[in-house]
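Notes for the structure review
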Amino acid sequence: MKRNTIYLPVFCFALSMILICVPVMAEGGGGGDGSGMGGGGRTTDLSSISSGLLSPQFILGGLVALAGLILLRTTKINWNIRTLLMCAVFVLFGVLVIMHQPSPLRAVVDPVTALVTGSAITLKKTTALFFIGGLSVIGAKLFCGWVCPFGALQEIVNRIPAPSGKKIKLPFNISNGIRISIFVISLIMVLATGTDLYTYHNILNPFELFDWHFELVLAVLVGAVLVASVFVYRPFCYLVCPVGLLTWLLEHMSIFRVRLDRSKCNDCNKCIQMSPCPSVKAILDGDKLRPDCFACGVCIDACPTDALAFGIGKMRANRSRAGKVVIEGR
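Counting starts from 1 at the beginning of each chain's written sequence and moves along it residue by residue. The model is predicted, so local features are restricted to residues of pLDDT at least 70 and side-chain atom pairs to those at 80 or more, both for listing and for counting; the totals for chains, interfaces and linings are taken over all residues. Side-chain figures throughout are based on the complete set of non-hydrogen atoms in the structure, without hydrogens or water.

1. Focus: unusual backbone geometry
So the rule is basically this: Numbering of helices and strands runs from the N terminus; a helix is a DSSP stretch of H or I covering at least four residues, while a strand is a stretch of E covering at least two.
Notably, His201 is not glycine yet its phi reads approximately 55 degrees, a positive angle. Tracing the sequence through the fold places His201 in the loop between helix H9 (172-193) and helix H10 (216-231). Located in the positive-phi region is Asn269, a residue other than glycine, with phi close to 65 degrees.

Dropping the structure here:
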C-alpha cells in the first residue's frame, strides 16, 4: 500500500480549518467581550481560534485522531484491538475530564441556535466546532470514531453478545431520516422558543454524563442508549446525534476515507459480514449517498484481498458487481 507522508494530513488540517472558519467568523466581525462573537470589543479571528486550538484538550484530541489516521493507513485493526483503543479513548476523554467543556453536542448545537436567534457565539464553542469539522474533512469520522467518548462507550457496549446472537443493522434511510427529523424539530423549537431540543433539560444530551450529572432524564437516556448499543452499533450516533449528522455531511468531502479497489475485490462479502456498521455494503456498491463510516478499520482487516483501504481516492473506472462501470474515488 502506498503511504503518504505525515505532512499531507497536517496540510489538509490547516486548509480545512480555514475553509470551516471563514463562514463562522463572518458572523463575528463586531467582536465581543472575549466570550462570544457579535458584541462590541475583542474581535474573534483566526489567531484567537488558533490559540484556542493550542489548549491541551484539543492538542491531545488532535494527536489521538492523527494516531488513528496513521493506524488506519498502516495497520490492520481487528475488533479486539479496536475495543482496547475505544477503552483508552473513553478513559482519556470521558473519565479523565479532558474533552468535556464544551461538550461536542453543544459545540454544534449552540452556534446554530446563536445564529438563528442572533445571540453571541462563544469562542470556545466556535473553536470546538472548528476542531470537529477540521478533523472530519481530513478523515471520515476521525472525531466521532476516535475522539468522542460517548461514541467509544457505545462501541464498547456493542461488543457484548446480543441475547439473540445477532446484531441489528438499521436501514440508513430510516435512521438518518429520524436524525434529520430531530434536527429539524430542534430548529423549529429554537425559532418558536429560543431553546433547542437537544439541551432542553438535557433530554438528548448524554455528554452531561461526563460532567457527573445524573438527573433522572439523563439516566434514562443513557441507560436506553446503552441497552440499545448491545443490539445496534452506535445507536445514538445514527439516530439522534447532531454531531454525527454534521460529520456525516462532511464525510462526503473527506480526504481520507475507506476506498475500494474493485479490481482486487472477489465479492466474498467478508467485510460486510464482519463490519458492525451499514456503510460497507454501500461502499462496495459504489453508492454516492452512504451511511456514516466511523473509521473503525474492521472491514479493512476483514478483507482477504486488501481491496479496502483508508486512503486518498484516485479516479478510476471499474466494473461493479452488476457489470456497470462505476467511478471509485472522490
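2. Details of the packing of helix H3 (residues 56-74) against helix H6 (residues 123-138)
Rules: Each axis is a line fitted through C-alpha atoms, and for a helix only the stretch in contact is used; angles between axes span 0 to 180 degrees, taken between their N-to-C directions. Roughly parallel refers to an angle under 35 degrees, roughly antiparallel to one over 145, roughly perpendicular to one between 65 and 115, and oblique to any angle outside these ranges. Any two residues having at least one pair of non-hydrogen atoms within 4.5 Å are treated as being in contact. Note on residue classes: Ala, Val, Leu, Ile, Met, Phe, Trp, Tyr, Cys and Pro are nonpolar, Asp, Glu, Lys and Arg are charged, and everything else, Gly too, is polar.
It is at 11 Å that the axes of H3 and H6 come closest, and there the two elements cross at 10 degrees. What the angle tells us is that H3 and H6 run roughly parallel. Contacts between H3 and H6 involve Phe58, Gly61, Gly62, Ala65 and Leu69 from the former and Thr127, Ala128, Phe131, Leu135 and Ile138 from the latter. Counted by class, the contact of H3 with H6 contains seven nonpolar, three polar and no charged residues.

3. Quick look at the pattern of salt bridges
This is how the line gets drawn: Should a side-chain nitrogen of Lys or Arg be within 4 Å of a carboxyl oxygen of Asp or Glu, the pair is scored as a salt bridge. Relative accessibility decides the category of a residue: with a 1.4 Å probe and only protein chains considered, values under 20% of the type maximum give buried, values over 50% give exposed, and everything between is partly exposed.
A complete count under the given rule lists nine salt bridges for this structure. For Arg82, the salt bridge identified is with Glu155, shortest N-O distance 2.8 Å. One end of the pair, Arg82, is in helix H4 (residues 79-95); the other, Glu155, is in helix H8 (residues 149-158), with 73 residues separating them in the sequence. By the burial criterion, Arg82 is buried, and Glu155 matches it.

4. Focus on the packing of H3 against H4
Think of two packed helices as two axes; the pair is described by the angle between the axes and how far apart they sit. Relative orientation of the contacting elements H3 and H4 amounts to 170 degrees, with a least axis distance of 12 Å. Between H3 and H4, the interaxial angle falls into the category roughly antiparallel. When H3 is examined against H4, the residues Leu60, Gly61, Val64 and Leu71 are found in contact with a partner set consisting of Leu85, Val89, Leu92 and Phe93. Residue classes in the contact of H3 with H4 are distributed as seven nonpolar, one polar and no charged.

5. A short note on the side chain of Lys125
Cut-off, in case you're wondering: Contacts described as polar in this section are N or O atom pairs within 3.5 Å, which, within protein, must combine one atom able to donate a hydrogen with one able to accept it, while residues neighboring in sequence count only if both atoms come from side chains.
Locating Lys125 in the fold gives a position in helix H6. Within the structure, Lys125 has its side chain in polar contact with the side chain of Asp110 (distance 2.4 Å). Ignoring sequence-local partners within four residues, the contact set of Lys125 consists of Pro102, Arg106, Ala107, Asp110 and Pro111.

6. A short note on the confidence of the model for the protein
This is how the line gets drawn: Summary of the metric used: pLDDT quantifies the predictor's per-residue confidence within the range 0 to 100.
Looking at the protein as a whole, the pLDDT averages 81, with 79% of positions reaching at least 70. For the protein, strand E4 (residues 325-328) is the element with the lowest average pLDDT, namely 40, and helix H11 (residues 235-239) is the one with the highest, namely 97.

7. Observations regarding H8
Burial analysis of H8 places nine of its 10 residues in the buried class, the great majority of the element. Of all the positions in H8, only Pro149, Phe150, Gly151, Ala152, Leu153, Gln154, Glu155, Val157 and Asn158 are classed as buried. Residues of H8 that are buried sit in contact with H4, H10 and H11.

8. Focus on the packing of aromatic side chains
Selection criterion: Each pair of aromatic rings taken from Phe, Tyr and Trp, with Trp reduced to its six-membered ring, is defined by centres within 6.5 Å and is described as stacked if the planes are under 30 degrees apart, edge-to-face if over 60, and tilted in the remaining cases. Remark: a charge is flagged as sitting over a ring if the NZ atom of Lys or the CZ atom of Arg is within 6 Å of the ring centre and within 35 degrees of the ring normal.
Taken as a whole and assessed by the stated rule, the structure comprises nine aromatic pairs. With centroids separated by 5.0 Å and ring planes inclined at 50 degrees, the aromatic side chains of Phe58 and Phe131 adopt a geometry described as tilted. In this pair, Phe58 is assigned in helix H3 and Phe131 in helix H6, connecting sequence segments 73 residues apart. Classification of Phe131 by relative accessible area gives buried; the value is 3%. Taking the centre distance of 6.0 Å and the plane angle of 65 degrees together, the rings of Phe90 and Phe210 count as edge-to-face. Taken as a pair, Phe90 in helix H4 and Phe210 in the loop between H9 and H10 lie far apart in primary sequence, 120 residues in all. Taken together through their ring pairs, the aromatic side chains of Trp79, Tyr233, Tyr238 and Phe294 make up a single cluster. The aromatic ring of Trp146 is capped on one face by Arg82, whose charged end is 4.8 Å from the ring centroid.

9. Considerations on the pairing of strand E2 (residues 308-311)
Note the following rule: Pairing between two strands is assigned when DSSP locates at least 2 bridges connecting them.
Neither face of E2 is exposed, since Leu308 and Phe310 on one face and Ala309 and Gly311 on the opposite face are all buried. As judged from the four bridges shared by strand E1 (residues 257-260) and E2, these two strands associate in the antiparallel manner. Residue pairing in the sheet places Val258 in a bridge with Phe310 of E2.

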